[in-house]
Amino acid sequence: MMSRVQQNTTGLRRKKNTLNPPKASNKKTKENWKSPHLPHFNVPFDVSKVRFQVVAWIFVTIWIILWCRAFYLQIIIGPELRQMASKQHQITQLVESKRGNIYDRNGQILARSVEAKSVYAHPKQITDKEFAAKTIAPILGLDKKRLQKHFEEDKSFIWLKRKIDDATALAIQKTNIPGIGLSTEYERVYPYKHLAGQLLGFVGVDNKGLEGVERAFNDKLVGDSQKQVVPRDIAGRALYDINDEDSKGEDLYLTIDVQLQFIAEEVIAKAVEANEAKWGGVLIVDAKKSNILAWAQYPFFNPNNFRNYNPAIYRNRLAADALEPGSTFKPLIIAGALQNNIIKLDTKFYTEKGVWTLDHIKIGKSKKPFTIGDDGRAFEDLTPEEILAYSSNIGMAKITQAMGAKITRNFLLDLGFGNYTGVGVAESKGIIHSLRDWSEADLLSSGFGQSLSVTSLQMVQAFNILANDGERVQLNLLLNEDNNNVAQQNVVSRKTARDVLKMMETVVDGNGTGKNARIPGVRVAGKTGTAQKAHENNTAGYSDKRMASFIGIVPADNPKYVIYIILDDLEKNSYGGKLAAPVFQEIAQRSMAYSGDLPDVIFASESNKFTGDPLKKANQKTNIKRGIMPNVTKLSLKKAIEIFQELGQLPQIIGEGLYVVKQEPPAGTPIVIEDDKKKEKAINHTYKLYLSEQSFLAEQKKAEQEKIAQQKNDKNNTIKKIEQSTENKQNKGK
């Protein structure tokens, strides 16, 4: 056997020695084991790694499945599921804002809103509908069977009862029935009940104004009601109420004065009842600021119970009803004739001795001649002042005849007739026919307030022009401190306005038709009106019913108030001078006494006798010294009586007027003395207050006559005693 040649250092590779190889291990490992039946792969096998991979693949698979499911739920059917969840857990309800308050000019609340609960149902959430109807119906006063039918309807929301009281709301809450809930709303309350009811109007169940101021200014009052989502519990009840103060409506301040409104309503109510009128109304306007101070109608309307009234009662007639004004229209026509130089103050018109028949004008189906009468009064030549004082229809017809249709119509439009006044409430424009539709009969009739129609609001607007020296100023119903009452138009000159007011004074203080409107010590400009009522069935001509009215301005030389009175649907022989003028007198006198506005005039009956100076407006404050009679002269009657009440005395009122011109006992007279024991003792005096010079002089004359009569009686008694004594002596001598 040849020996293996080893490689030496010469670079030849030495062959490994295989003579003594390492001893192989007898132990076989799993890595070196190979199955003889499987193909050979040279890959190591790790069990822990395989286990990790299996678990990872399981998680990945589950994660993919979850993502797919989430995609399906969120994207594919997500909107539908969200809508279903919203219906189950949330309520979309109208969050009603609180309606703004309405105040008078002095901050008295005329209308306010208070919280109230309303009951609603979600029929689909009511599981036991029969039980729910049986439980809820008695509480709400509803029919059980009908309520159950409502619950069975396929509706998501229904109202059961709106604006219930607190006790009923608590009872509903205690039932705890799923699907039945309470919602917060607001109910309108009018603290003064019927006061200015027709003007204020009322609010419906949905917080929306339906009549009057509530309707006219609804956008300001209603606020910002909006739908909001409210979470609810498992029973379907809202978890909380939303009350957003920022959405509250705007408050309104009216120019109305509550006290003057009380006066107007009290007086007109008595007049309507006493004269059996269908209705009556009063408007009082502050002439200096053109603010409406009182807006009264009778029969009254209480907006707290508006469902108990028919539209004829709550209709705002003073703004919405257009009527023929009658003779109260005459001063305006005269103003137009003077302004357009058609007549002068001394122009005379022949008034046909009370009857004027125009044969060439045929009226009605019977074609009768057009006839104008002066109610049986036979006048001949009259000036404009006399025409107004005697209320001559013939004289007024001749004035409009001289003016012509175009001038007459244009002047009426300048006064504001035939258009809205702009006070804000729903009103009528009235009827002023177009020029082509004016017949000669219409022209003549317009002179005494017929063949046209106007509203009461338009009447006070027109006469307010005369009170403002001929300037037309916007009437105000909302109190606005920034309103400086800038004249919109100069309709007539200052001279014309004052000339007409002087003519209107003769209607009251002269021999005119307005004698019953006189106020002692106050200059009153006024005009009576008696208008025939047109047939209600649209037939031609007039019925037997009448409308009596009176419009007045006080004081005449420095206008403070414009007051319009109307009594509608009266008997045939009723006149404005007899029925409406006394209403004006009482309202004007009480209004002036309340406000303390004394006219800066010289009272003919209260001057030049005591001091020689005119009676001026006095300071209404006086100091009452203990035990001394205070000075109450030149004070208003109201203030003087208050002072006497403090003294514990009730004075005797003598005469007619608003102010005290003389008193008894005189100021400074002791009325309380102290006796020996220093106890106070009242002195017996006869307390008298004289309201006019005539009443004082008459009382003095009466006292003098009584004194003379008493002296005469005393003298006669003395003579009788002497004669009796002489006779007794003679009898004794015998």
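What comes next is a walk through the structure.

Scoring rules and cut-offs
- Residues numbered from 1 in each chain as written.
- Predicted model: local features only at pLDDT ≥ 70, side-chain atom pairs only at ≥ 80, totals over all residues.
- Heavy atoms only, no water.
- Helix = DSSP H or I, 4+ residues; strand = E, 2+ residues; numbered from the N terminus.
- Polar contact = N/O pair within 3.5 Å; in protein donor to acceptor, adjacent residues only side chain to side chain.
- Core = buried A, V, L, I, M, F, W, Y, C linked by side-chain atoms within 4.5 Å.
- Buried < 20%, exposed > 50% of the residue type's maximum accessible area, 1.4 Å probe, protein only.
- Contact = heavy atoms within 4.5 Å.
- Salt bridge = Lys/Arg side-chain N within 4 Å of Asp/Glu carboxyl O.

1. Some details on the environment of Tyr103
Then, in step 1: Relative to the helices and strands, Tyr103 resides in strand 2 (residues 102-103).
Then, in step 2: Along the sequence, Tyr103 and Leu478 sit 375 residues apart, while their C-alpha atoms lie 9.9 Å from each other.
Then, in step 3: A polar contact is formed between the side chain of Tyr103 and the side chain of Asn101, at a distance of 3.1 Å.

2. Observations regarding the nonpolar core
Then, in step 1: The biggest cluster of nonpolar side chains holds 83 residues, and the ones touching the most others in it are Trp295, Ile399, Phe417 and Leu466.
Then, in step 2: Among the elements that make up this core, the one with the highest residue count is helix 17 (residues 456-467) (8 residues).
Then, in step 3: Excluding residues that lie within four positions of it along the chain, Phe417 makes contacts with Phe329, Leu332, Leu412, Ile432, Val454, Gln458, Met459 and Ala462.
Then, in step 4: Core analysis: the next-biggest nonpolar cluster, separate from the first, contains 36 residues, Ile268, Leu293, Val508 and Ile563 among them.

3. A look at unusual backbone geometry
Then, in step 1: A cis amide bond links Tyr298 to the next residue, Pro299, at an omega of 10°.
Then, in step 2: Position of Pro299 among the secondary structure elements: in the loop between strand 9 (291-298) and helix 10 (311-314).
Then, in step 3: With an omega of -20°, the peptide bond between Val554 and Pro555 qualifies as cis.
Then, in step 4: Mapped onto the secondary structure, Pro555 falls in the loop between strand 17 (542-554) and strand 18 (561-570).
Then, in step 5: If you check the backbone angles, Lys163 has positive phi at about 55° while not being a glycine.
Then, in step 6: Examined against the element boundaries, Lys163 turns out to sit in strand 4 (residues 158-164).
Then, in step 7: Relative accessible area serves as the criterion here: at 16%, Lys163 is assigned to the buried category.
Then, in step 8: The backbone of Ser290 sits at a positive phi, close to 60°, despite the residue not being glycine.
Then, in step 9: With respect to the element layout, Ser290 can be found in the loop between strand 8 (279-286) and strand 9.

4. Here we look at the pattern of salt bridges
Then, in step 1: Tallying each qualifying case throughout the model produces 18 salt bridges.
Then, in step 2: Of the charged contacts, one joins Glu214 and Arg99 as a salt bridge, the two residues approaching to 3.0 Å between their closest N and O atoms. With Glu214 in helix 7 (residues 212-216) and Arg99 in the loop between strand 1 (90-95) and strand 2, this residue pair connects regions lying 115 residues apart in the sequence. Across the pair, exposure class does not vary: Glu214 and Arg99 are buried alike.
Then, in step 3: As a salt-bridge pair, Lys248 and Asp251 come within 3.1 Å of each other at their nearest N and O atoms.

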